[in-house]
Amino acid sequence: MAKAKATVHGAVSLVNAIANQKGATLGIGLKVEATVESSPGKGITIQSENKSLSSRLINKTVEKVVSKKDLEQNKISITLDSEIPTGYGLKSSSAISSAIAMACAKIFKPKFTDQQILLAGVDASIESKVSITGAYDDACSCYYGGFNVTDNAKKKRIQFEKGPSNLIAVIFIPKNRKRGNLKKLKILSSIFDNAWELARKANYWEAMIINGLATASILNSEPRIITDLIEKGALGASVSGNGPSIAAVTKKENEAVMKKVFSTLEGHIIVSKISNKKAEVHEV
């Protein structure tokens, strides 16, 4: 019998990686906790209040870390507790797969490196078709916190730094979960490339705004909401991931004004601090 608990945070998008496999993200405080317990027997069981989680992603992640031999001899029980809404572009899949990989590694592969843990989740995301690019950019900000600019095709971090601790993300979760056609993001690949180059040079907010206007125009959001948020004091604002959530990063004192901009839309709002916290795991 062994038991481990991992905590990994969510993130918001600065540059969407679908067009060019190059992305940028920023860690936020919403978290996922995964508790993994092994006992004699066989099979993987999953307990979670969230019924829309991909069990294929979870099973694949376990298989990436735990050897076939160990899977034959151990019953693996996974309990998930997540503050991140699923399916809104706030990186819940990356946070969940990283947390499960981390907790499994603690029990079965204690010498696993950060990169091996990250890649287990990324590869599982591709194989279970949860993500198109494997979302290495998302995984990095969930795992390390702060700003992460990545080349997803090479699975490499190009630029990384901590985010300012006095900032918050005001996130709008629309009632309508409809997303636009993701393939159309490639039409604007040169725009996303420019945004990524800005992020690489640490011009994160400019990158986020360009990304916001480009993604909003394609993914069924209203681009005007992005400009309204900037006008009212957001440093950056964008559709997060493939939507439909919209995130505005701002100083704490602007929280009420941001909420007011979103108040004309149907949905609800989550406020989260920017997170620079690296993922953690411990034996229970």
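Refer to the preceding data block for the structure.
Everything numeric here is computed off the predicted structure, so don't read it as measured data. (Residues numbered from 1 in each chain as written. Predicted model: local features only at pLDDT ≥ 70, side-chain atom pairs only at ≥ 80, totals over all residues. Heavy atoms only, no water.)

1. A few points about helix H6 (residues 189-200)
Under the convention used in this document: Counting from the N terminus, the helices are the DSSP runs of H or I reaching at least four residues and the strands are the DSSP runs of E reaching at least two. Expected helix span is computed as 1.5 Å times (number of residues minus one). Categorising residues by exposure relies on relative accessible area from a 1.4 Å probe, with only protein chains included: less than 20% of the type maximum marks a residue as buried, more than 50% marks it as exposed, and the intermediate range marks it as partly exposed. It is the directions from the helix axis to the C-beta atoms that the arc portrays. Residues count as neighbours in contact if any of their non-hydrogen atoms are within 4.5 Å of one another.
The end-to-end C-alpha distance of H6, which contains twelve residues, comes to 16 Å, matching closely the 16 Å that a straight helix rising 1.5 Å per residue would cover. Looking at H6, one finds that the buried residues are Phe192, Ala195, Trp196, Leu198 and Ala199. Angularly, the buried residues of H6 cover 155 degrees about the axis, an arc narrow enough to put them on a single face. Contacts from the buried residues of H6 go to strand S1 (2-15), strand S2 (22-40), strand S5 (147-151), strand S6 (156-161) and helix H7 (204-218). Where H6 terminates, the next one or two residues include Ala202, which has phi positive at roughly 70 degrees.

2. Some remarks on the environment of Asn254
Applicable threshold: Two N or O atoms count as a polar contact when they lie within 3.5 Å, although within protein this holds only if one can serve as hydrogen donor and the other as acceptor, and sequence-adjacent residues are included solely when both atoms are side-chain atoms.
You can see Asn254 is positioned in the loop between strand S9 (246-251) and helix H9 (255-262). You can call Asn254 buried: its relative accessible area is 18%. In this view, Asn254 contacts Lys232 and Gly233; residues no more than four positions away in its chain are not counted. Here Gly233 takes part through its backbone oxygen, which lies 3.4 Å from a polar atom of the side chain of Asn254.

3. Things to note about the sheet that holds S9
Using the following cut-off: Any two strands with at least two DSSP-identified bridges between them are counted as paired. A fitted line through C-alpha atoms serves as each axis, taken over the contacting stretch for helices, and the angle formed by two N-to-C directions is quoted from 0 to 180°.
Within the open sheet, the four strands sit side by side as S8-S9-S7-S10. Their pairing is antiparallel. Each end of this open sheet is capped by a strand with a single partner; those strands are strand S8 (236-239) and strand S10 (267-273). The mean inter-strand angle of the sheet, taken between neighbouring strand axes irrespective of direction, is 20 degrees. Pairing geometry for S8 and S9, over four bridges, is antiparallel. Residue pairing for S9: Ser238 is matched across the bridge by Ala247. Most of the contacts of H7 go to S8, to which it runs at about 30 degrees, and overall it touches strand S7 (167-174), S8 and S9. Together, S8 and S9 form the strand contacts of helix H8 (residues 223-231), whose direction differs from that of S8 by roughly 160 degrees.

Note that all results are geometric; they support no functional claim without further evidence.
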